[in-house]
Amino acid sequence: MMTESIITTVEATKESCIECHTTCIDTLKYCKNRGGQYIDMTMMSMMRDCAEMCMMCVNMINDGSEFMGNACNLCAEMCDRTAITCEQMSEDPTMRFCAAICRKCAEHCKAMALNSASYFRRASLVTEDVLSFR
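Calculation criteria
- Every chain is numbered on its own, with residues counted from 1 as its sequence reads.
- Where totals are concerned, whole chains, interfaces and linings use all residues; where local detail is concerned, this predicted model gives features only for residues with pLDDT of at least 70, and gives and counts side-chain atom pairs only at 80 or more.
- Only hydrogens and water are set aside when side-chain values are computed; all heavy atoms of the structure are taken into account.
- Put simply, DSSP H or I for four residues or longer makes a helix, DSSP E for two residues or longer makes a strand, and each gets a number counted from the N terminus.
- Type-normalised accessible area, obtained with a 1.4 Å probe on protein chains alone, sets the label of each residue: buried when under 20%, exposed when over 50%, and partly exposed for intermediate values.
- Note on contacts: a residue pair is in contact if any heavy atoms of the two residues lie within 4.5 Å.
- Surface exposure here means Shrake-Rupley accessible area, sampled with a 1.4 Å probe, where a residue is shielded only by the protein chains that are shown.
- To define a nonpolar core, start from buried Ala, Val, Leu, Ile, Met, Phe, Trp, Tyr and Cys residues and group those joined through side-chain atoms within 4.5 Å.
- Counting rule for disulfides: a pair of cysteine sulfur atoms within 2.5 Å.
- Working rule for helices: expected span equals 1.5 Å times residues minus one.
- Polar contact is defined as a pair of N or O atoms within 3.5 Å, subject to the rule that within protein one atom must be able to donate a hydrogen and the other to accept it, and that residues adjacent in sequence are counted only when both atoms are side-chain atoms.

**Student:** I would appreciate a short explanation of the overall build of the protein in the present structure.
**Tutor:** Looking only at helices and strands, the protein features five helices and zero strands. The linear arrangement of helices and strands in the protein, starting from the amino end, is α-α-α-α-α. The buried share among the 134 residues of the protein stands at 40%. Within the protein, residue pairs in contact and separated by at least 24 positions form 73% of the contacts whose partners lie at least 6 positions apart. For the protein, the computed accessible surface area is about 7900 Å², with 55% contributed by carbon and sulfur atoms.

Written out as structure tokens, the structure is:
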């Protein structure tokens, strides 16, 4: 059974990942519309990859995957790197906002990765009632 502390960490991580996903996609669209120096394929690829990894983390958390801790560690690394890239355009408030959201998500993912052993799916928690699709 999960403690309230773990439940809080799980929910905060999922919310942060969803916010980061949305922010990276919105910022990616912003960059495409701005053009010029904002059309940096490395930065844009990082934002897209970060958004995808954030949703993968949410899915793995929801599924109780035993690989969730690894996914959260990778997500934290990708969020940190995306933040560094966005901070290179620190004069732009949209880019600063994206960097801040990525940093926040990285912190939540690091905390989730540390708690993953107490959360991931256990065979004893899966009952026949849960598996029936009547």
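**Student:** What is the right way to read the environment of Cys50 from this model?
**Tutor:** Among the secondary structure elements, Cys50 is positioned in helix H2 (residues 41-63). Residues Cys50 and Cys17, spaced 33 residues apart in sequence, show a C-alpha to C-alpha distance of 9.5 Å. Not counting the four nearest positions on each side in its chain, Cys50 is found in contact with Cys20, Cys24, Met78, Cys79, Thr82 and Cys102.

**Student:** Help me understand the nonpolar core, please; the structure alone is not making it clear to me.
**Tutor:** Cys20, Cys24, Met47, Cys54, Cys72, Cys79 and Cys102 are the most contacted members of the largest nonpolar core, which has 38 residues in total. Beyond its immediate sequence surroundings of up to four residues, Cys54 is in contact with Cys17, Cys20, His21, Cys75, Cys79 and Cys105.

**Student:** Help me out: how do you make sense of the state of the cysteines in this one?
**Tutor:** Cysteine pairs can be covalently joined through their sulfur atoms, and such a bond is termed a disulfide. This model, assessed by the stated rule, comprises zero disulfides. This cysteine, Cys17, is not joined by any disulfide, and Cys109 carries the nearest cysteine sulfur, 3.6 Å off. Judged by its relative accessible area of 0%, Cys17 falls in the buried class. In this model Cys98 remains outside any disulfide bridge; the closest cysteine sulfur is found in Cys86, 3.8 Å from its own.

**Student:** What exactly am I supposed to notice about the side chain of Thr23 here?
**Tutor:** Along the polypeptide, Thr23 turns up in helix H1 (residues 4-34). If near-sequence neighbours (up to four positions away) are discounted, Thr23 is found in contact with Phe97, Cys98 and Ile101.

**Student:** Whenever I open this one, H2 confuses me. Can you help?
**Tutor:** Residue pairs spaced three or four apart in an α-helix point in one direction, given the helix's 3.6 residues per turn. With 23 residues, H2 extends 33 Å from end C-alpha to end C-alpha; this agrees with the ideal 33 Å at 1.5 Å per step. Within H2, burial applies to Met43, Met44, Met47, Cys50, Ala51, Met53, Cys54, Cys57, Val58 and Ile61. Tucked inside the fold, the buried residues of H2 contact H1, helix H3 (68-87) and helix H4 (93-115). With a side-chain oxygen positioned 2.9 Å from the backbone nitrogen of Thr42, the residue opening H2 is Asp40. One or two positions beyond H2, positive phi appears at Gly64, with a value near 70°.

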